[in-house]
Amino acid sequence: MTLLECLVGIALCALLLNPLLKTSTDLVIKQIEYEKTQALISEADRAFELIGRAIRMAGYRNIASHQTNKKLSLEINKKSGFRGSDSLIVRHELSDGIDFDCIGNIITKERTKNQLALQGFLVDRQAGVPKGKKVNGGSLICQSLDRQGRTQITTLMNGVNELVIEEINGVQAQYIWGQRLFKVKLKMTDGVRLNLDLERTFSTRNLL
């Protein structure tokens, strides 16, 4: 076999293999994107579960309680956080069962203020990231009370671009009489190319 024939053979192999290599590379990229997407959806589902549980507990009053505290049970502060995100603050009394805050602590009387438990959610800039460095969105922050009744904050997850909470009024809300409906929207990102818009609707159980 001459040198020319070798070169021709190599060129033909390259022509045949290039499409296969490109296809394999594309498949790997798609697989990575799929796994990242599923991870973001899983994180969002966890956030929705915690926020939804807090909304359902908002304004709960124990039948044995003689509290007359009329402090707001559910507060939404519009565009108060990272990139115009909303924030949510929920207050409620303790039930006769076991109540958990947004980081999994059992809520005891020590973890209340004026006999009310507090759970809050907001999006803030990721801590510890140098200014100017590109980040994958903000951090979803949980607010709760420690054993001294002081507000503590805990980062639940990163990759949150925006949190939007809207109360649903009018015809849509009439289907559930005596309750208030809230649409919660999360914009998740990996900071590169994935941007997911996810939403859930939750109803209160203790507010009119």
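Residues numbered from 1 in each chain as written. Predicted model: local features only at pLDDT ≥ 70, side-chain atom pairs only at ≥ 80, totals over all residues. Heavy atoms only, no water.

Caption draft 1: Structural view of the overall build of the protein. Of the regular secondary structure elements, the protein holds one helix and seven strands. Mapped in sequence order, the helices and strands of the protein form the string α-β-β-β-β-β-β-β. With 208 residues in all, the protein has 40% of them scored as buried. Accessible area of the protein: about 13100 Å², with a carbon and sulfur share of 56%. (Helix = DSSP H or I, 4+ residues; strand = E, 2+ residues; numbered from the N terminus. Buried < 20%, exposed > 50% of the residue type's maximum accessible area, 1.4 Å probe, protein only. Areas by Shrake-Rupley, 256 points an atom, 1.4 Å probe, with all protein chains shown as cover.)

Caption draft 2: Spatial organisation of unusual backbone geometry. In this model, N114 sits at a positive phi of 55 degrees, which is unusual for a non-glycine residue. Even without a glycine there, the phi angle at Q115 is positive, about 65 degrees. Tracing the sequence through the fold places Q115 in the loop between β2 (87-92) and β3 (117-124).

Caption draft 3: Layout of the pairing of β3. In terms of residue burial, β3 counts as a mostly covered element, since seven of its eight residues are buried. Of the strand pairs in this sheet, β2 and β3 are connected by five bridges, and their pairing is antiparallel. Residue I89 lies in a different strand from β3, and its bridge partner there is G120. Relative to strand β4 (residues 138-145), β3 is paired through five bridges, and the arrangement is antiparallel. Paired with F121 across the strands is C142, a residue of β4. (Pairing = 2+ DSSP bridges.)

Caption draft 4: Broad picture of the sheet that holds strand β7 (residues 195-203). With respect to topology, seven strands assemble into an open sheet ordered β1-β2-β3-β4-β5-β6-β7, the strand pairing being antiparallel. Bordering the open sheet on either side are β1 (74-77) and β7, each of which pairs with just one other strand. Each strand axis lies, on average, 30 degrees off the axis of its neighbour in the sheet, ignoring direction. Pairing geometry for β1 and β2, over four bridges, is antiparallel. Of the residues in β2, the one forming a bridge with I76 is L88. (Axes fitted to C-alpha atoms, helices over the stretch in contact; angles between N-to-C directions.)

Caption draft 5: Layout of the side chain of T37. Mapped onto the fold, T37 is located in helix α1 (residues 3-57). Beyond its immediate chain neighbours, meaning those up to four positions away, T37 contacts L194 and L196. (Contact = heavy atoms within 4.5 Å.)

Caption draft 6: View of the state of the cysteines. Evaluated as defined, the whole model comprises one disulfide. For C102, the disulfide goes to C142, at an S-S distance of 1.8 Å. Every disulfide takes its handedness from the sign of the S-S torsion; for C102 and C142 that torsion is 60 degrees, giving right-handed. With C102 in the loop between β2 and β3 and C142 in strand β4, this pair connects stretches of sequence that are 40 residues apart. Comparing C102 with C142, the two get one shared label, buried. (Disulfide = S-S within 2.5 Å.)

Caption draft 7: Structural context of the environment of T204. For T204, the position within the fold is in the segment after β7. The buried category is assigned to T204, whose relative accessible area is 0%. Sequence separation of T204 and I55 is 149 residues, and the distance between their C-alpha atoms is 5.7 Å. Those residues in contact with T204 that sit more than four places away from it in its chain are I55, R56, L74, Q179, R180 and F182.

Caption draft 8: Representation of the environment of L186. Looking at the secondary structure, you find L186 in strand β6 (residues 181-189). Sequence separation between L186 and N161 is 25 residues; the distance between their C-alpha atoms is 7.6 Å. With sequence-adjacent residues up to four places away left out, L186 is seen in contact with A44, A47, F48, V160, E162, L163, L196, D197 and L198.

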